[in-house]
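# Secondary and tertiary structure notes
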Amino acid sequence: MSNEALIVIDMQNDFCPGGALAVAGGDEIVPLVNDLIRHADHVVMTQDWHPAGHSSFASSHHGRKPFEAIEMDYGPQTLWPDHCIQGSTGSRFHSGLAWGKAELVLRKGFRPNIDSYSAFFENDHKTPTGLTGYLRERGISAVTLVGLATDFCVAYSALDAIRQGFRVTVKLDACRAIDLNGSLDAMLARIREAGVALA
Ligand code: VGL
Ligand code: ZN
């Protein structure tokens, strides 16, 4: 049994062209992600999974617009268009994604008052999703991350995976970024400095 897992982050309709929070070229990576899935020993997928009226939605804050930042009790929070509402078409995996081999689908962002970019911890950097325990119990010590978006959910997952003691690779050709005010360069520098291998 291999000690490596592929973690496919948020390959959902709302992050693909035509979706509520579309990432440019988000759908282009599907064939590449499928190839990686085919060759992986273990596959975990995440789904951004918000209740209607979630606190990360600009529409939940009077007078606020998407992509503005506000201060929450856990720190700064970017506000987003309504997206990935639990069970909606936008929350489903891209129809071309070969999700059948996934051993775990981990949902995050379901608590109304806190957002969760990372697959490991919510945005307070304290509330665990349970993924560390799952991977450890299964003897997995190395993870490769791909998916959407490079500079948010992939990057924060990579930082937390390093902090939790995993060996971490991000395959950049199988990721696409939102790139809000230089966030892509900033997050790439942070993950590189943290010890994430960029492939
Ligand atoms: C994401 C913003 C809001 C992501 C999720 O998957 O990168 N970004 N929710
Ligand atoms: Zn979200």
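Further up the page is the structure itself.
Keep in mind that what you see is a predicted model, and the values were worked out from it rather than measured.

Close to ligand 1 lie Asp 10, Phe 15, Leu 21, Asp 48, Trp 80, His 83, Tyr 117, Leu 148, Ala 149, Phe 152, Cys 153 and Ile 178. Contacts to ligand 1 include His 83, whose side-chain N or O atom sits 3.1 Å from a nitrogen atom. At a separation of 3.3 Å, an oxygen atom of ligand 1 approaches a polar backbone atom of Leu 148. Relative to its free-state accessible area of 260 Å², ligand 1 is covered by the protein chains to the extent of 100%. Along the lines of polarity and charge, the residues of the shell around ligand 1 split into nine nonpolar, one polar and two charged.

The subject of this paragraph is the coordination of the zinc ion (ligand 2). Protein-derived ligands of the zinc ion (ligand 2) are Asp 48 (OD), His 50 (NE2) and His 83 (NE2), with the metal-ligand distances lying across 2.0 to 2.2 Å. Around the zinc ion (ligand 2) sit four donor atoms, and with donor-metal-donor angles ranging over 89 to 169 degrees the site reads as irregular. When the donor residues of the zinc ion (ligand 2) are listed from N- to C-terminus, their spacing reads D-x1-H-x32-H. A relative accessible area of 3% means that Asp 48 is categorised as buried. Judged by relative accessible area, which is 0%, His 50 ranks as buried.

Burial along strand β5 (residues 104-108) is one-sided: the residues Leu 104, Leu 106 and Lys 108 are buried and none of Val 105 and Arg 107 is. As defined by bridge partners, strand β2 (residues 43-48) adjoins β5 across five bridges and the pair is classed as parallel. Across the sheet, Asp 48 pairs through a bridge with Lys 108, a residue of β5.

A word on helix α1 (residues 30-39). Buried within α1 we find Val 30, Val 33, Asn 34 and Ile 37. Along the axis of α1, the buried positions cluster into a sector of 100 degrees, meaning they face one direction only. Projecting away from the buried face of α1 at angles above 90 degrees are the exposed residues Pro 31, Arg 38 and His 39.

Reading the values: the criteria
Residues numbered from 1 in each chain as written. Chains lettered and ligands numbered in written order. Predicted model: local features only at pLDDT ≥ 70, side-chain atom pairs only at ≥ 80, totals over all residues. Heavy atoms only, no water. Near = heavy atom within 4 Å. Polar contact = N/O pair within 3.5 Å; in protein donor to acceptor, adjacent residues only side chain to side chain. Areas by Shrake-Rupley, 256 points an atom, 1.4 Å probe, with all protein chains shown as cover. Nonpolar A, V, L, I, M, F, W, Y, C, P; charged D, E, K, R; others polar. Donors = N, O, S within 2.8 Å, 3.2 Å for Na, K, Ca; no water. Tetrahedral: all angles 85-135°; square planar, octahedral: opposite > 155°, others 65-115°. Buried < 20%, exposed > 50% of the residue type's maximum accessible area, 1.4 Å probe, protein only. Helix = DSSP H or I, 4+ residues; strand = E, 2+ residues; numbered from the N terminus. Pairing = 2+ DSSP bridges. Arc of directions from axis to C-beta.

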